[in-house]
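Geometric and topological summary
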Amino acid sequence: MNTTLIAGVIAVAVVLPAGYTIHKGYQEKLRLVDAQIANEHSTQASQAQTADTLQQIEQYRKRLPNEASPSWLVNEAMSLGERVGLQLSAIAQESPQEIQQFTRLAVTLELGASYHALGMFLDQLEHSGSFIRVERLEVSPPKESRGKASVQLTLSTIYLPSLLNNKSGG
């Protein structure tokens, strides 16, 4: 009986530390797997948030010209001006100005308009789907009582290359 007891104690003494070592190894592997899963969830959440942000930026970018040319701005202004009955007399395009990652585009328009038409034009600019900024507005009163005011108007916008295309290498 002593031999059986001694053999049992020896077996427990050998098996228990081995079992404990195996158990600790699996616990460590499980902890590493849990950490990898948490890290992957965090990475995927960050990637999804970045993709959403880039899509929002791209939606705003779509309000800007597709190329670094002031002709886009001239076309937009002329289209809006025609809707409200402005009479353009002169158009002066400024040279595009490179500023960090974007290009400033500007144009100065000389036109004749009633105050009502000018107000409608400015409202159209403000509510258009395009990003156009009024940088300068000078209005000279009409020379006749029912004449049109003389207006000099500088409009600007920016050209911003597509961030999504640049990111994907295009």
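Residue numbers here run from 1 along each chain, matching the order of that chain's written sequence. pLDDT decides what is reported in this predicted model: residues at 70 or higher carry local features, side-chain atom pairs at 80 or more are listed and counted, and totals for whole chains, interfaces and linings draw on all residues regardless. Heavy atoms from the whole structure form the basis of all side-chain values; hydrogens and water molecules are not counted.

This next bit is on the overall build of the chain. For helices the rule is a DSSP run of H or I covering at least 4 residues; for strands it is a run of E covering at least 2, with both sets numbered from the N terminus onward. Regarding its fold elements, the chain presents four helices and five strands. When the helices and strands of the chain are read in sequence order from the N terminus, they spell out α-α-β-β-β-α-β-β-α. We compute the radius of gyration from the C-alpha atoms alone; for a globule the expected value is 2.2 Å times N to the 0.38, where N is the number of residues. Against the globule reference of 15 Å for 170 residues, the chain gives a C-alpha radius of gyration of 35 Å, more extended than a compact globule. For the exposure calls, accessible area comes from a 1.4 Å probe over protein chains only, and a residue counts as buried if that area is under 20% of its type's maximum, exposed if over 50%, partly exposed in between. When each of the 170 residues of the chain is scored for burial, the buried share is 24%. In the chain, of all internal contacts separated by at least 6 residues, the share reaching a separation of at least 24 is 65%. For the area figures, the Shrake-Rupley method with a 1.4 Å probe applies, and any residue is considered shielded solely by the protein chains shown. A total accessible area of about 11900 Å² is found for the chain, and carbon and sulfur atoms account for 55% of it. A contact between two residues is defined here by any heavy atoms of the two lying within 4.5 Å.

A word on helix 2 (residues 71-84). An expected span of 1.5 Å times one less than the residue number is assigned to each helix. Between the first and last C-alpha of helix 2 there are 20 Å, a value that for 14 residues agrees with the 20 Å anticipated at 1.5 Å per step. Here the buried face of helix 2 lies against strand 1 (87-93), strand 3 (102-113), helix 3 (115-127) and strand 5 (149-159). Positioned one or two residues after helix 2, glycine 85 has a phi angle of 85°, which is positive.

With that settled, consider the nonpolar core. Within the largest apolar cluster, 20 residues are counted, with the highest numbers of intra-cluster contacts made by Leu86, Phe121 and Leu155. Elements that contribute at least two residues to this core include exactly helix 2, strand 3, helix 3 and strand 5. Here the element with the most residues in this core is helix 2; it accounts for six residues. Each nonpolar core is a collection of buried residues, namely Ala, Val, Leu, Ile, Met, Phe, Trp, Tyr and Cys, held together in the definition by side-chain atoms within 4.5 Å.

As for its placement among the helices and strands, serine 130 is situated in the loop between helix 3 and strand 4 (133-140). Residue class for serine 130 comes out buried when judged on its relative accessible area of 11%. At 3.1 Å, the side chain of serine 130 forms a polar contact with the side chain of glutamate 76. The residues contacting serine 130, other than those within four sequence positions of it, are Arg63, Trp72 and Glu76. Here a polar contact is recorded for every N or O atom pair within 3.5 Å, except that within protein the pair must consist of a potential hydrogen donor and a potential acceptor, and residues adjacent in sequence are included only if both atoms are side-chain atoms.

For helix 1 (residues 2-61), with 60 residues, the first-to-last C-alpha span of 87 Å sits near the 88 Å given by 1.5 Å per residue. Within the span of helix 1, buried status applies to Leu54, Glu58 and Arg61.

Now for a nonpolar patch on the surface. Residues enter a patch when their relative accessible area is above 30% and they make no salt bridge; the linking distance is 9 Å between like charges and 5 Å between nonpolar side chains (Val, Leu, Ile, Met, Phe, Trp, Tyr). Whenever Lys or Arg places a side-chain nitrogen within 4 Å of a carboxyl oxygen from Asp or Glu, that contact is recorded as a salt bridge. A surface patch of nonpolar side chains, amounting to about 390 Å² of accessible area, comprises Ile6, Ile10, Val14 and Val15. Mapped onto the fold, isoleucine 6 is located in helix 1.

Another point: the packing of helix 2 against helix 3. Helix axes are fitted to C-alpha atoms over the stretch in contact, other axes to C-alpha atoms as well, and angles between N-to-C directions run from 0 to 180 degrees. Following both chains from N to C, one finds helix 2 and helix 3 inclined at 135°, their axes separated by 9 Å at the closest point. The angle between the axes of helix 2 and helix 3 places the two elements in the oblique class. In this structure, helix 2 meets helix 3 at a crossing whose hand is right-handed. For the pair formed by helix 2 and helix 3, the contact residues are Ala77, Leu80, Gly81, Arg83 and Val84 on the first element and Ala117, Met120, Phe121, Gln124 and Leu125 on the second. Its residues assigned to classes, the contact of helix 2 with helix 3 shows seven nonpolar, two polar and one charged. Angular relationships are summarised with four words: roughly parallel below 35 degrees, roughly antiparallel beyond 145, roughly perpendicular across 65 to 115, and oblique for the angles in between. Two helices that cross are described as forming a left-handed crossing if the nearer one is turned anticlockwise from the farther one by less than a right angle, and a right-handed crossing if clockwise. As a working rule, the residues Ala, Val, Leu, Ile, Met, Phe, Trp, Tyr, Cys and Pro are called nonpolar, Asp, Glu, Lys and Arg charged, and the rest polar, with Gly in that last group.

Under the defined criterion, the tally for this structure stands at five salt bridges. Across the pair glutamate 28 and arginine 31 runs a salt bridge, and its minimum N-O distance is 2.6 Å. Note that glutamate 28 and arginine 31 are positioned in helix 1 at a spacing of three residues, about one turn of the helix. Residue class for arginine 31 comes out partly exposed when judged on its relative accessible area of 48%. Note that arginine 133 and glutamate 135 form a salt bridge whose closest N and O atoms lie 3.4 Å from each other.

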